[in-house]
Number of protein chains: 4
Amino acid sequence: MIKVGIIGAKAYTAGELIRILLRHPETEIAMLAARVEAPEDPAVYHPQLRGQCGVPIEPIDCDRIAEACDFVFLTMPHMAGAEYALEMTKRGVKVADLSADFRFRNLATYEKTYGIKHIAPELNDEAPYGLVEIYRDQLKGKRLVAVPGCYVTSVLLPLAPIIAADWIDRASIISDSKSGVSGAGRTPSDTTHFCEADESMMAYKVATHRHQPEIEETLSDLAGESVQILFVPHLAPMYRGILSTIYLQLTRPMTLPEIYTVYQQRYGDEPFIRLLPPGQSPRTKDVAMTNFCDIGLMLDPRTNRLIVVSALDNLIKGASGQAVQVMNAMLGIEETAGLL
Amino acid sequence: MIKVGIIGAKAYTAGELIRILLRHPETEIAMLAARVEAPEDPAVYHPQLRGQCGVPIEPIDCDRIAEACDFVFLTMPHMAGAEYALEMTKRGVKVADLSADFRFRNLATYEKTYGIKHIAPELNDEAPYGLVEIYRDQLKGKRLVAVPGCYVTSVLLPLAPIIAADWIDRASIISDSKSGVSGAGRTPSDTTHFCEADESMMAYKVATHRHQPEIEETLSDLAGESVQILFVPHLAPMYRGILSTIYLQLTRPMTLPEIYTVYQQRYGDEPFIRLLPPGQSPRTKDVAMTNFCDIGLMLDPRTNRLIVVSALDNLIKGASGQAVQVMNAMLGIEETAGLL
Amino acid sequence: MIKVGIIGAKAYTAGELIRILLRHPETEIAMLAARVEAPEDPAVYHPQLRGQCGVPIEPIDCDRIAEACDFVFLTMPHMAGAEYALEMTKRGVKVADLSADFRFRNLATYEKTYGIKHIAPELNDEAPYGLVEIYRDQLKGKRLVAVPGCYVTSVLLPLAPIIAADWIDRASIISDSKSGVSGAGRTPSDTTHFCEADESMMAYKVATHRHQPEIEETLSDLAGESVQILFVPHLAPMYRGILSTIYLQLTRPMTLPEIYTVYQQRYGDEPFIRLLPPGQSPRTKDVAMTNFCDIGLMLDPRTNRLIVVSALDNLIKGASGQAVQVMNAMLGIEETAGLL
Amino acid sequence: MIKVGIIGAKAYTAGELIRILLRHPETEIAMLAARVEAPEDPAVYHPQLRGQCGVPIEPIDCDRIAEACDFVFLTMPHMAGAEYALEMTKRGVKVADLSADFRFRNLATYEKTYGIKHIAPELNDEAPYGLVEIYRDQLKGKRLVAVPGCYVTSVLLPLAPIIAADWIDRASIISDSKSGVSGAGRTPSDTTHFCEADESMMAYKVATHRHQPEIEETLSDLAGESVQILFVPHLAPMYRGILSTIYLQLTRPMTLPEIYTVYQQRYGDEPFIRLLPPGQSPRTKDVAMTNFCDIGLMLDPRTNRLIVVSALDNLIKGASGQAVQVMNAMLGIEETAGLL
């Protein structure tokens, strides 16, 4: 059994991780740590786990964690991700980091986006980007992998199969993304107040969200040229889920079956991507509490535009489920272990 | 006092109309009619109105309605709208029709969109399109006006000030619109089932919704040339409200203050349009139960795209509030009467 | 026109007050004050009011408020209510206080319940309890009235007509009350976080909520003897509304029509109480955004228990609507002014 | 592997069953049947299962089902439950019936409650009541077991440990239960329409719900005397979950720790019952998508009343999870298999 720890165990994403790991056939939760004063029952922060997890949440002690664990998930904000990734890797513990700290190959982009200096540039150089469906081959055996952002995953997975195609206009991409409130994390704020979020839709951080450069870096990598997109996130009155509606201009007429075939060839064997019949839109409800990303394809022949719609659970495929998928890939375990 | 009637009084939009008309200083509800077997208390269909409306909902009897009413709202499906508009106008009653039957200047578009032959083409020729902020001057004194669709209003109001500008690419327009469930009306269906709609987002009728040609007809009229857009409606887990996020490519660099000034000049005096400070997105919550359409403007200088976001209450500004605004304009009453 | 002010203008209840007062035919908003650093647009705190209220929210300056206003609403927490009630009344301004500070005739109960010493006991002695349907006659001409709590109103209105009857067991009363999240106010907290409240039901402060002694004091007053109830509040996943399901043991068999008649006689002429047909339960949805309290009566002949269910909007009939009703009664204005 | 079938595979409860059975280590879904015209992909009715279940939903053919399956779940309405239980048992297939048809020991109660004549009285005599925590010993080896109703489970589990105690007044029991909308099943109706259920609370079928006699029969069995309760169901604006707040009068003073000890002794080893610390209320959110029933205990020493609050997921512990737990008990499999 792989001995697993979590640093940042109070986060919503940590609660999901614990739930998944408890069912994972090859892992054992060896330590939970967070910024707490004294050991606490995880049910204090994750009451749905009451009675299910005997391991307390303890103050962070890197030596003890390293002693107890083979593998650690970091569910901390940026900066803390890099800090603990350094501590763990130098103690020989493998790490999947859910913060933004190792998601950028280009450090300048990271430093501009987050407004800080990176504290572990060498580590960053060695850490692959954990979008498993795209970079699977790079993950095995690595000691540190960056887990992609939730919005990012919801935009990259539907775009990856076609971003390098010669029949799309790469300058035309717009993603109109709608997220549930859990994407904002557990800290109470005006935005996450039930009375503000309930029964309301709004756009926010239009073209300025930190996930936009993260999306663009990978798209550019896949396209072999610099790609800019317009990313517009919205807050939707629901707990979980992201629906990304992505608009692309085609450069020459294509039929929906032709495009569907491209996706089918690319994703037909992927265990966590479900391609819908052409013309059908996915729903966030159908992927809630799962590691699936559902993808639907629609075409507007009048304006020669392709519309690709993706749905995923931001806390699972957009965070904790994907993180376990990353761990499985890093350790050479069956990739679906714990996730179906 | 103007004696007002409603044909189709069981509809959600009729419930909203009754609520508004009860507070309107110049109207008196004279008759409510619908496809019922015998007179019924309106509270059976609109329990929120319990004890507030002494007029029963009666079976439709055109002679009696015409005798009792000076003005009639039609809250019926298409085809029934045209049928009762004919009956009422020939009896000398003025009509605001909330169905789609008189919304198209081009009958061929209507007939193709709804798959039926129009039964009152002459009436259609004389009926102006009741988007008051745009066609106000055409409404006064008319005996029949078509009330625009909810999605349509949410797209036309934000686009009208700039659709004819030489600095936008009219071929680039995309509207990603998110609607609450009440847009689907009161008939129970799989789509409107709480367990299907709750906690879920989905796209539907992508590029094929009937409101798309309705939007295009008015945009073309305003632009002075044929305009095609891509309209993608979504269902959001809320009761009321439409948020339309509209994307346009600029043909030359513009600043947000410049664009804001255009809107300010066009809408600065409009009582029901609230322009937000540049860069700020409206929320559907803030227009719920009001006749306001809130509009926000954002700019992505990197891709030179303008993002215009509108929010309105689909049952009020998108239907019943706008219908009363239409009535006020037709009859030369203070336009805000009953609506603030 | 009565010049009205609000101290505590950032609260949700203040937003509702402003909305109501803007339509009130006899009032003019003369000043808004709150704990702010500098004047601010009310739309900052109440974006639904954008462009509708030209009066800024200013730092609290009692002299300026007293100069500008004839009447002031206090939408502050307890202690602040008493503090500003003192300041306003000594300057000759009439006050409706929405805090708990003047709701108790028995100061000892207040002091025990809120764990503080009352700072204005003389004022408390003269302040009637503003449950208008019950104490209407005591309000006219008063300079200070306490506006009842939201839960309290939802329990007292359905119980008042029968609490003194000889056919109920006054020791048997249980109120199982379900409230929307806005009852907790606008300050973000774990409880009001969307992700905690959404899709969840829970009981809280079972038999220990501060509204329980407030309910009991009035019930005892009406019954002419000490009455104890069991009050169990619940949090429901909705924005507005309280549904109170109240259980009473009957001491002798009664029929539902008999009981209905008692309510009919007591409330038949009340403008804001809607009695449902016997056997029918009210819904919070039907009273949302209104000053109505809907009441339904059901009987279980097997166990000889009466079930009375009330529904009201906690922000309107449970707070701001009721406060305006109180003001109307104090000033001798038509009681429904601004509220229908 | 046990070959399992479902008759009634379109129901929401069937969707949950399939999800659970796919992860169950000892079962294989051998056949899905329902009232369909031709074989259909289960994803048509349960889109969350897209790509996960290779077995189609076929028209009901009892011979083929019996040939393919060792065990069948019936997720049909009453009457159909008895019909197919007869068909399956006579073909040697074991059955867990989720309908009401075999839930009553007393046929007269069943026939009065459902207004029909029972078609399989002999089968009813042999079918134990599948409330596993209470009747576990009766289930092993049986060929037919009735799965309890969702509300029923939420009331019986919290009452079972104390119903026979000499310190409660068995005539005083009231259950105020709040259910999510999925309890009404998948058929669209006015009640389940999003626009009616959203943001609303209401009581319904007060003291007349069919689950009341079902509750009373088991309570009477456990108490050794006839017990009547008052059961008042409510509809809450959420998808899943039942919260039952149960009120009991104590006949002599008890402390909360004393009562807690009684529950602890009864349920301390139960894998699916989670007892909360005394004084703490459970939340439906914390049991969503699980087979847990959370129970909280509160005491009002002033009125000497005990308040027991239970929370469960009506589709899991209230239906499909419990049905699998029943199957496990019938077949002698580890009781938690597939359910943790």
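Residues numbered from 1 in each chain as written. Chains lettered and ligands numbered in written order. Predicted model: local features only at pLDDT ≥ 70, side-chain atom pairs only at ≥ 80, totals over all residues. Heavy atoms only, no water.

Caption draft 1: Focus on the relation of the copies chain A and chain B. When chain A is fitted to chain B, the residual RMSD is 0.0 Å, and the transformation amounts to a turn of 180 degrees plus an axial shift of 0.0 Å. As the rotation angle and translation indicate, the two copies are arranged about a two-fold axis. Residue A:Pro237 of chain A places its C-alpha closer to the rotation axis than any other residue of that unit, at 3.2 Å. A share of 98% of interface residues in chain A that are also interface residues in chain B marks the association as one of identical surfaces. (Least-squares fit on C-alpha atoms with pLDDT ≥ 70 in both. Contact = heavy atoms within 4.5 Å.)

Caption draft 2: Structural context of the domain arrangement of chain A. All names here are of chain A. In terms of domains, chain A is made up of domain 1 (2-127) and domain 2 (151-313). Taken over C-alpha atoms, the centre of domain 1 sits 27 Å from the centre of domain 2. In this assembly, 15 residues from domain 1 lie in contact with 10 residues from domain 2. Interface area, domain 1 with domain 2, both sides summed: about 1,100 Å², of which 48% is carbon and sulfur. Viewed at the interface, domain 2 and domain 1 are joined by 2 salt bridges. Salt-bridge contacts for Arg 240 lead to Glu 16; the nearest nitrogen and oxygen are separated by 2.5 Å. Linking domain 1 to domain 2 there are 6 residue pairs in polar contact (both at pLDDT 80 or more). Taken together, the elements giving at least two residues each to the side of domain 1 that touches domain 2 come down to α1 (12-23) and α4 (107-114). (Domains from an automatic or database assignment. Buried area = accessible area lost by both parts, 1.4 Å probe. Salt bridge = Lys/Arg side-chain N within 4 Å of Asp/Glu carboxyl O. Polar contact = N/O pair within 3.5 Å; in protein donor to acceptor, adjacent residues only side chain to side chain. Helix = DSSP H or I, 4+ residues; strand = E, 2+ residues; numbered from the N terminus.)

Caption draft 3: The arrangement of the sheet that holds strand β13 (residues 305-312) of chain C in detail. Residue and element names in this part refer to chain C. The 7 strands lie next to each other as β8-β9-β7-β10-β13-β12-β11, forming an open sheet whose pairing is mixed. At either margin of the open sheet sits one strand with a lone partner, and together these are β8 (202-203) and β11 (273-275). Relative to strand β10 (residues 242-249), strand β7 (residues 174-179) runs antiparallel, the two sharing 6 bridges. Residue pairing across strands places Asp 176 opposite Thr 245, the latter belonging to β10. (Pairing = 2+ DSSP bridges.)

Caption draft 4: Just the pattern of salt bridges, in detail. Under the criterion given, the structure shown has 97 salt bridges over all chains. Linking C:Glu225 and C:Arg170 is a salt bridge whose minimum nitrogen-to-oxygen distance equals 2.7 Å. Separated by 55 residues along the polypeptide, C:Glu225 in the loop between α9 (211-223) and β9 (230-235) and C:Arg170 in the loop between α7 (150-159) and β7 bring together distant segments of the chain. Accessibility expressed as a relative area gives 39% for C:Glu225, which makes it partly exposed. Taken together, the salt bridges that share partners define one network made up of A:Glu16, A:Arg19, A:Arg240 and A:Asp313. (Buried < 20%, exposed > 50% of the residue type's maximum accessible area, 1.4 Å probe, protein only.)

Caption draft 5: Spatial organisation of helix α3 (residues 80-90) of chain B. All names here are of chain B. Buried within α3 are the following residues: Ala 80, Gly 81, Ala 82, Tyr 84, Ala 85, Met 88 and Thr 89. Turning to α3, the residues buried within the fold contact β1 (2-7), α2 (62-68), β4 (71-74), β5 (94-97), α5 (121-126) and β6 (144-146). Once α3 ends, the next one or two residues include Gly 92, with phi positive near 85 degrees.

Caption draft 6: Main features of the packing of helix α6 (residues 132-139) of chain C against helix α11 (residues 316-331) of chain C. Residue and element names in this part refer to chain C. At a minimum axis distance of 10 Å, the contact between α6 and α11 shows a crossing angle of 30 degrees. The angle between the axes of α6 and α11 places the two elements in the roughly parallel class. α6 and α11 meet at a crossing whose hand is right-handed. Of α11, the residues touching α6 (which contributes Val 132, Glu 133 and Leu 139) are Lys 317, Gln 322, Gln 325, Val 326, Ala 329 and Met 330. Here the residues of the contact of α6 with α11 are counted per class, giving 5 nonpolar, 2 polar and 2 charged. (Axes fitted to C-alpha atoms, helices over the stretch in contact; angles between N-to-C directions. Parallel < 35°, antiparallel > 145°, perpendicular 65-115°, else oblique. Left-handed = near helix turned anticlockwise from the far one by under 90°. Nonpolar A, V, L, I, M, F, W, Y, C, P; charged D, E, K, R; others polar.)

Caption draft 7: Representation of the interface of chain A and chain B within the structure. With 43 residues of chain A at the contact, the number on the chain B side is 42 residues. Between chain A and chain B, roughly 3,500 Å² of surface is buried when both sides are summed, and carbon and sulfur atoms account for 54% of that area. The interface formed by chain A and chain B includes 6 salt bridges. A:Arg302 is the partner of B:Glu216 in a salt bridge, and the nearest nitrogen-oxygen pair spans 2.4 Å. Inspection of the region where chain A meets chain B yields 30 residue pairs in polar contact (both at pLDDT 80 or more). For the side of chain A that touches chain B, the elements supplying multiple residues, two or more each, are β7 (174-179), α8 (194-197), β8 (202-203), α9 (211-223), β9 (230-235), β10 (242-249), β12 (293-300) and β13 (305-312) of chain A.

Caption draft 8: Representation of the interface of chain D and chain C. Facing the 43 residues of chain D at the interface are 42 residues of chain C. When chain D packs against chain C, the two sides together hide about 3,500 Å² of surface, and 54% of this comes from carbon and sulfur. Viewed at the interface, chain C and chain D are joined by 6 salt bridges. A salt bridge links C:Glu196 to D:Arg283; the shortest N-O distance between them is 2.9 Å. Applying the counting criterion to the chain D and chain C interface returns 30 residue pairs in polar contact (both at pLDDT 80 or more). When contributions to the side of chain D that touches chain C are tallied by element, the ones reaching two or more residues are β7 (174-179), α8 (194-197), β8 (202-203), α9 (211-223), β9 (230-235), β10 (242-249), β12 (293-300) and β13 (305-312) of chain D. Along the lines of polarity and charge, the residues of the side of chain D that touches chain C split into 22 nonpolar, 9 polar and 12 charged.

Caption draft 9: Inspection of the sheet that holds strand β3 (residues 57-59) of chain D at higher detail. Residues and elements named next belong to chain D. Read from one edge to the other, the open sheet built from 6 strands follows the order β3-β2-β1-β4-β5-β6, with strand pairing classed as parallel. A single partner strand is all that each edge strand has here, and the edge strands are β3 and β6 (144-146). Averaged over all pairs of adjacent strands, the angle between their axes in this sheet comes to 25 degrees, without regard to strand direction. Alignment of strand β1 (residues 2-7) against strand β4 (residues 71-74), held across 4 bridges, turns out to be parallel. Pairing of Ile 6 across the sheet is with Phe 73, part of β4. Lying on the sheet, helix α11 (residues 316-331) is in contact with β1, β2 (27-34), β4, β5 (94-97) and β6; it crosses β4 at an angle near 150 degrees.

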